[in-house]
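Spelled out from the first residue to the last, the chains are:
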Amino acid sequence: MDGANAASAASTKRPSSLTRRILSVIVLIPLIVAAGWWAWATVLVVALCVALGIHELFGIMRQGAFTPRLGPGLAVGLSLVAAVALRPFSPFDLVGLCLALSLILTLTYELWPGDRSTSLQSWALTVTGALYVSWLLSSFIMLRQLSLPLHEGWLEFLAIPAGARWVFLALAITWLQDTAAFFVGRAFGRQRMAPVLSPKKTWEGVVGGWLISIVTAIIAVPLLGLPLSYLAAGIIGAIAGIVGPLGDLSASLIKRQIGVKDSGQLIPGHGGILDRMDSLLFVGPVVYYGVLLVAGGGA
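This text gives an overview of the structure that appears in the document. The shown structure was predicted, so the numbers you read here are calculated from the model rather than taken from an experiment.

### Digging into the overall build of the chain
Part 1 of the argument: Looking only at helices and strands, one finds 11 helices and two strands in the chain.
Part 2 of the argument: Scanning the chain from its N terminus toward the C terminus, one meets helices and strands in the order α-α-α-α-α-α-α-α-β-β-α-α-α.
Part 3 of the argument: Taking all 299 residues of the chain together, the buried fraction comes to 44%.
Part 4 of the argument: As presented, the chain carries roughly 15200 Å² of accessible surface, and 71% of it is formed by carbon and sulfur atoms.

Here it is as structure tokens:
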């Protein structure tokens, strides 16, 4: 009985999941903001997240008896990050070259002597898994490289670098959407959106997050001095507010196929790095290409 009481007391003192989530965010946000401030720091953080993400993703696949090739997958992912980072300094298309070599070399790898019974499956999972993480996440490097003329914003006194403002836009939309969806769903959620893939996700929470995505994008225009109309910003926020939850559900689909809940335990209260990046993987490209479409220009 004493042991049970002691265990009970210990469990009551253990921080709740929400507390761990909040503490993790308090630690991570300043680090990520600092990384977005300097261009090469953005590249290094993206490269680290790509390496960790591919490692987690391939680990999940191996739990399901699949055989993606970790070494080639990391090579594909990191070389693509390098190609995107070096785009402004190259006279030719490094990204296209990287993609072509990735397809050629990963398939050639399967010619290596040994058991070839899963070669086709392994090649497909290696390439698509690596591109899923690296190409989508590299959109944050491309956002950091944007050099569109800006207006004077409310936060001009902070002298935020031009490219960093676009990175912060994508991060703010994703984070505030996720936060709003969590609390709105917790308070008012009744209708489950995807009971099998994500039992806690509700339509009420998703709608709340979607509205916050639009508001965040609109407020970011005067706040950061972005060269977007309020209508254009609202449209980007609305689309990002749709694809963010889809990115979350897509990652859940992968995990449910294997039968795991989290991709890892790297971040207390949040799971693995993929659990934190799933929405960002979809939102980053939408914001980048949305900005190019409505504002024009490039890196």
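Having seen the structure, we can now continue with the description.
### A short note on the pairing of strand β2 (residues 198–202)
On a regular strand, each side chain points to the face opposite its neighbour's, so the side chains alternate between the two faces of the sheet.
Part 1 of the argument: Pairing of strand β1 (residues 192–194) with β2, which is carried by two bridges, proceeds in the antiparallel orientation. Across the sheet, Ala 194 pairs through a bridge with Ser 198, a residue of β2.

### Observations concerning the pattern of salt bridges
Pairing is possible between side chains of opposite charge, provided their charged atoms come close.
Part 1 of the argument: This structure, assessed with the given rule, holds five salt bridges.
Part 2 of the argument: A salt bridge links Glu 110 to Arg 69, with the shortest nitrogen-to-oxygen separation between them at 2.8 Å. On the criterion of sequence distance, the pair formed by Glu 110 in the loop between α5 (94–109) and α6 (119–137) and Arg 69 in the loop between α3 (39–63) and α4 (70–85) is long-range, its members being 41 residues apart.
Part 3 of the argument: Given the relative accessible area of 7%, Glu 110 is considered buried.

### Quick notes on a nonpolar patch on the surface
Part 1 of the argument: A grouping of Phe 92, Leu 97, Leu 101, Ile 104 and Leu 105 is seen on the molecular surface, where their side chains present a nonpolar patch of about 490 Å² in accessible area.
Part 2 of the argument: Its location among the elements puts Ile 104 in helix α5.

### Considerations on the packing of α4 against α6
Part 1 of the argument: Where α4 contacts α6, the axes come no closer than 9 Å and their chain directions differ by 35°. Handedness of the crossing formed by α4 with α6: right-handed. Residues Pro 72, Gly 73, Val 76, Gly 77, Leu 80 and Val 84 of α4 lie in contact with α6, whose contacting residues are Thr 126, Ala 130, Leu 131, Ser 134 and Trp 135.
Part 2 of the argument: Residue composition of the contact of α4 with α6, grouped by class: seven nonpolar, four polar and no charged.

### Quick notes on the nonpolar core
Part 1 of the argument: By size, the foremost hydrophobic cluster in this structure holds 58 residues, and its most contacted members are Val 133, Leu 137, Phe 140, Leu 143, Trp 166, Met 277 and Val 287.
Part 2 of the argument: Once residues lying within four places of it in the same chain are set aside, the contact partners of Leu 137 are Val 46, Cys 49, Val 50, Met 277 and Leu 281.

### Considering unusual backbone geometry
Backbone phi values are negative for most residues with the exception of glycine, while trans is the configuration of most peptide bonds.
Part 1 of the argument: The phi torsion at Ala 65 lies on the positive side, around 70°, for a residue other than glycine.
Part 2 of the argument: Its place among the elements puts Ala 65 in the loop between α3 and α4.
Part 3 of the argument: Residue classification places Ala 65 among the exposed positions, given a relative accessible area of 65%.
Part 4 of the argument: Unusually for a residue other than glycine, Ala 159 sits at a positive phi of about 55°.
Part 5 of the argument: Within the secondary structure, Ala 159 sits in the loop between α7 (139–145) and α8 (162–188).
Part 6 of the argument: Looking at Ala 159, the relative accessible area reads 54%, which means it is exposed.

Quick notes on the rules
- Residues numbered from 1 in each chain as written.
- Predicted model: local features only at pLDDT ≥ 70, side-chain atom pairs only at ≥ 80, totals over all residues.
- Heavy atoms only, no water.
- Helix = DSSP H or I, 4+ residues; strand = E, 2+ residues; numbered from the N terminus.
- Buried < 20%, exposed > 50% of the residue type's maximum accessible area, 1.4 Å probe, protein only.
- Areas by Shrake-Rupley, 256 points an atom, 1.4 Å probe, with all protein chains shown as cover.
- Pairing = 2+ DSSP bridges.
- Salt bridge = Lys/Arg side-chain N within 4 Å of Asp/Glu carboxyl O.
- Patch = residues over 30% accessible without salt bridge, like charges linked within 9 Å, V, L, I, M, F, W, Y side chains within 5 Å.
- Axes fitted to C-alpha atoms, helices over the stretch in contact; angles between N-to-C directions.
- Left-handed = near helix turned anticlockwise from the far one by under 90°.
- Contact = heavy atoms within 4.5 Å.
- Nonpolar A, V, L, I, M, F, W, Y, C, P; charged D, E, K, R; others polar.
- Core = buried A, V, L, I, M, F, W, Y, C linked by side-chain atoms within 4.5 Å.

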